[in-house]
Amino acid sequence: MATTLATKRLSKELAKITDIMPDGLTLVSATDFTSWTIDLTVLDANPLYLNQTFRLKFLFSDKYPMEPPEVVFVSLHEPPRPIPMHPHIYSNGIICLDLLGQNGWSPVQNVQSICVSLQSMLTGNSKNERPEGDTAFVATNRQRPRDINFYYHDDKV
Amino acid sequence: MDANLNTENVMDSTDWNDTALPAFEQVDAALRCRVCKDFYETPMITSCAHTFCSRCIRRCLTDKGICPVCNTKDQEMKLRPNLAIGELVDAFAKAWRSAFDLAKSATKGCSVASLGSGKRKRVVEAQTDEGPFKKTRASGRRTRSSTQQSVTIPDSDDDYTDEEPEDGLVSCPICQGRMSVQDVQKHIDKCDGLPPPRKKTPIPAIQHPVFPTRITKPPSKLTTLAHPHYGLLKDGPLRKKLTDQGLRADGSRALLEKRWTEFVIAYNANCDSIIPKSKLELKKHMEKWERAQTVHDREGAMIADKEFDGRAWAMKHDNGFKKLIEDAKRKLTAKDTQQQAEMGSPEQRNRDTMFNSTIKTTVAGSHSQHLQHPQSNMTQTQTTPRAPILKPYENGTLPAAAPPPNQYSDNLFPSTHTHSLKPSDTSQPPDEYDPPLPSQLQHTPTPTRPGSSQQGPCR
């Protein structure tokens with residue numbers, strides 16, 4: 001495959017995160033330039049997420065970094081990887097964050113900056129709840145996260 | 001991590017961390033474009049004073065019209081070349097290999113001075129002597145290895161000391177020049193007080209290495225191309241534009257537009273360059289792009305709308321597709337029976353015709369004109385370039401109804417064209433370059449997509 005901007009850029013990002021990863025983040029797998037998984041822990045002692053590790057899944061289109069990657073939390077039984085409780089994270093792992101939408105995304109963002117944003121999003125949370133209409137959304141949603149239009153009303157996160 | 005991609009050969013600013021000069025990580029990073037993470041190629045500065053590669057920022061501005069760093073609105077017209085950064089990158093890229101190898105061979109914490117490289121010594125000294133900017137950059141390293149602080153540079157401008165160097169010579173009391181004892185008297189008679197020319201040639205690293213090649217002329221004044229308004233540009237003229245530039249003019253409308261956009265970006269970036277590439281190289285770039293597209297196309301790139309979700313679309317219209325295929329089959333069978341009644345073995349003949357026409361349409365890139373399809377609304381495909389052409393069956397949602405293209409010959413039904421049978425096909429003009437509107441729903445997924453409410457793939 002011809003080297004596209006996406007593969008070139010992802011190879012550089014990977015080189016960087018293999019070298020040094022910020023605290024609380026672990027690269028689990030990156031076997032190709034389409035899907036990576038990263039484990040995330042919250043750095044402070046937020047009682048909601050104490051001693052928990054969450055798994056993030058990144059899906060890159062070949063328009064990356066012009067388009068955002070699809071980022072979701074995935075749940076696993078072994079090792080235990082729950083979906084974090086957060087008013088902007090649905091129980092199927094879909095994250096409502098403007099950074100990950102078409103409009104909030106910018107090509108200067110990268111995998112590491114997304115992870116750090118999510119970390120701080122969890123750190124700053126004190127509500128042990130799911131988004132409004134979570135059950136209905138999870139039951140009916142057939143769209144991929146990038147096609148869902150969220151209304152970003154909460155700029156405190 | 002064993003299964004992960006091998007990134008050993010990828011150069012990145014963090015490579016400096018393992019060397020004797022970790023502070024160079026920041027220098028290296030500062031010279032890289034924040035979009036492609038590579039060294040700046042034809043750096044351009046935006047009106048918000050951010051610098052990117054010409055091609056990167058042009059692509060971003062074409063896409064969204066905002067600066068990727070600060071989200072300020074900007075236009076391609078307002079971009080200006082950042083010549084200083086360009087020179088800096090060129091010089092750094094030239095020096096990179098030797099500097100990196102040297103830094104790598106020296107272990108961390110080991111005195112750089114012990115390497116005996118005059119160049120390195122000079123650099124360290126210069127950082128110590130100069131203003132606060134340099135100090136910040138180098139301070140991290142200097143605190144770590146104290147030996148580096150003791151590095152003395154024998155030939156810098158301000159390193160005259162009272163100490164007599166042990167070279168067996170004496171210095172002239174007037175001009176401080178070094179000479180043998182016998183020569184002093186002769187010299188004093190005609191000494192003009194000016195310091196003698198240094199015997200040692202100054203180290204090139206500290207001289208302005210790029211001075212002879214400093215860019216004095218402005219960037220080439222090649223006229224840049226404007227992005228056309230695709231809504232007003234018909235297929236014919238667009239194809240002509242492509243052919244005029246020696247580019248391929250085949251493929252779907254969406255591909256044509258993408259190809260032209262890519263060419264305009266590459267062409268304009270080339271115009272910005274100090275030393276523009278030849279047309280041949282541009283063509284090579286486009287060929288490379290074409291190759292990347294082929295991979296992309298197979299994954300459904302023929303869908304013009306970049307937000308189109310084929311899987312969701314296929315799921316939503318699963319029943320509709322099935323029903324239409326059933327209808328088509330029934331009609332065809334009816335036709336067959338009729339023909340059978342009229343002549344001998346129509347099936348083989350029919351299959352051949354169908355196969356040929358399928359191939360023909362695929363190659364021609366237009367999707368319906370050769371086919372005698374039972375569905376009358378097929379003609380609409382030609383006016384709806386955003387129709388999902390291959391997506392629905394690629395992900396296997398319609399396995400029975402839609403075999404992959406290589407099974408055409410075994411299939412009587414022109415399943416490659418199921419897309420044109422989509423139940424709610426509307427003849428919308430192509431508007432995929434319109435930015436999507438912000439949604440108005442609070443935290444709830446919208447049932448429709450902006451910009452194409454009738455074609456929304458979601459349910």
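Keep in mind it's a predicted model, so treat the numbers as computed, not measured. (Residues numbered from 1 in each chain as written. Chains lettered and ligands numbered in written order. Predicted model: local features only at pLDDT ≥ 70, side-chain atom pairs only at ≥ 80, totals over all residues. Heavy atoms only, no water.)

(A) Summary view of unusual backbone geometry. Between Y64 of chain A and P65 of chain A the backbone carries a cis peptide bond, its omega angle lying at 5 degrees. Of note, K37 of chain B is a non-glycine position whose phi angle comes to about 60 degrees, a positive value. When you line up the elements, K37 of chain B lands in the loop between α1 (24-30) and β1 (43-45). Its identity as a non-glycine residue notwithstanding, N71 of chain B has a phi of 60 degrees, on the positive side. Structurally, N71 of chain B can be placed in the loop between α2 (54-63) and β3 (80-81). (Helix = DSSP H or I, 4+ residues; strand = E, 2+ residues; numbered from the N terminus.)

(B) Focus on the UniProt feature "domain: SAP" (unreviewed entry) in chain B. The sites that carry the UniProt feature "domain: SAP" (unreviewed entry) are, in the present numbering, residues 230-264 of chain B. Across residues 230-264 of chain B, the secondary structure splits into 63% helix and 0% strand, with the terminal C-alpha atoms separated by 13 Å. (UniProt positions renumbered as here; feature names shortened; annotations may be inferred.)

(C) Quick look at the sheet that holds strand β4 (residues 70-74) of chain A. All names here are of chain A. Read across the sheet, four strands follow the order β1-β2-β3-β4 without closing on themselves; strand pairing throughout is antiparallel. In this open sheet, the two edge strands, each paired with only one partner strand, are β1 (25-29) and β4. On average, each strand axis in the sheet is tilted by 30 degrees relative to the strand beside it, whichever way the strands run. For β1 and strand β2 (residues 35-40), the ladder comprises four bridges, and the chain directions are antiparallel. Paired with L25 across the two strands is L40, which belongs to β2. Lying over the sheet, helix α2 (residues 111-123) contacts β1, β2, β3 (54-59) and β4, oriented at roughly 35 degrees with respect to β2. (Pairing = 2+ DSSP bridges. Axes fitted to C-alpha atoms, helices over the stretch in contact; angles between N-to-C directions. Contact = heavy atoms within 4.5 Å.)

(D) Highlighting the pairing of β3 of chain A. Relative to β3 of chain A, β2 of chain A runs antiparallel, the two being bridged by six bridges. In the sheet register, S35 of chain A faces β3 of chain A, and the bridge partner there is L59 of chain A.

(E) Summary view of the sheet that holds strand β2 (residues 51-53) of chain B. All names here are of chain B. Spatially, β2-β1-β3 is the arrangement adopted by the three strands of the open sheet, whose pairing is antiparallel. In this open sheet, the two strands that pair with only one neighbour each are β2 and β3. Two strands pair when backbone bridges link them, and β1 and β3 are joined in this way by two bridges, in the antiparallel orientation. In the strand pairing of β3, M44 is matched with P81.

(F) Inspection of the packing of helix α7 (residues 235-244) of chain B against helix α8 (residues 253-272) of chain B at higher detail. Residues and elements named next belong to chain B. At a closest axis distance of 10 Å, the pairing of α7 and α8 adopts a crossing angle of 40 degrees. The orientation of α7 with respect to α8, classified from their angle, is oblique. For the crossing formed where α7 meets α8, the hand is left-handed. Of the residues in α8, those touching α7 at D235, L238, R239, K241 and L242 are R253, L256, E257, R259 and W260. (Parallel < 35°, antiparallel > 145°, perpendicular 65-115°, else oblique. Left-handed = near helix turned anticlockwise from the far one by under 90°.)

(G) The arrangement of the pattern of salt bridges in detail. Residues and elements named next belong to chain B. On inspection of all chains with the given rule, the structure shows 22 salt bridges over all chains. The salt bridge involving D250 is made with R259; its shortest N-O contact spans 3.5 Å. On the basis of relative accessibility, which here comes to 34%, the residue D250 falls in the partly exposed class. The structure contains a network of salt bridges with shared partners spanning D235, R239, R253 and E257. (Salt bridge = Lys/Arg side-chain N within 4 Å of Asp/Glu carboxyl O. Buried < 20%, exposed > 50% of the residue type's maximum accessible area, 1.4 Å probe, protein only.)

(H) The pairing of β4 of chain A, seen in detail. All names here are of chain A. Buried residues dominate β4, accounting for four of its five residues. Pairing geometry for β3 and β4, over five bridges, is antiparallel. Looking at β4, one finds that K57 is bridged to V72.

(I) Representation of the packing of α2 of chain B against α8 of chain B in the model. All names here are of chain B. Axis separation between α2 and α8 bottoms out at 9 Å; the angle between their running directions is 140 degrees. Judged on the interaxial angle alone, α8 and α2 are oblique. For the crossing formed where α2 meets α8, the hand is right-handed. In contact with S54, R55, R58, R59 and T62 of α2, α8 contributes T261, E262, I265, A266, N268, A269 and D272. In terms of residue class, the contact of α2 with α8 is made up of three nonpolar, four polar and five charged. (Nonpolar A, V, L, I, M, F, W, Y, C, P; charged D, E, K, R; others polar.)

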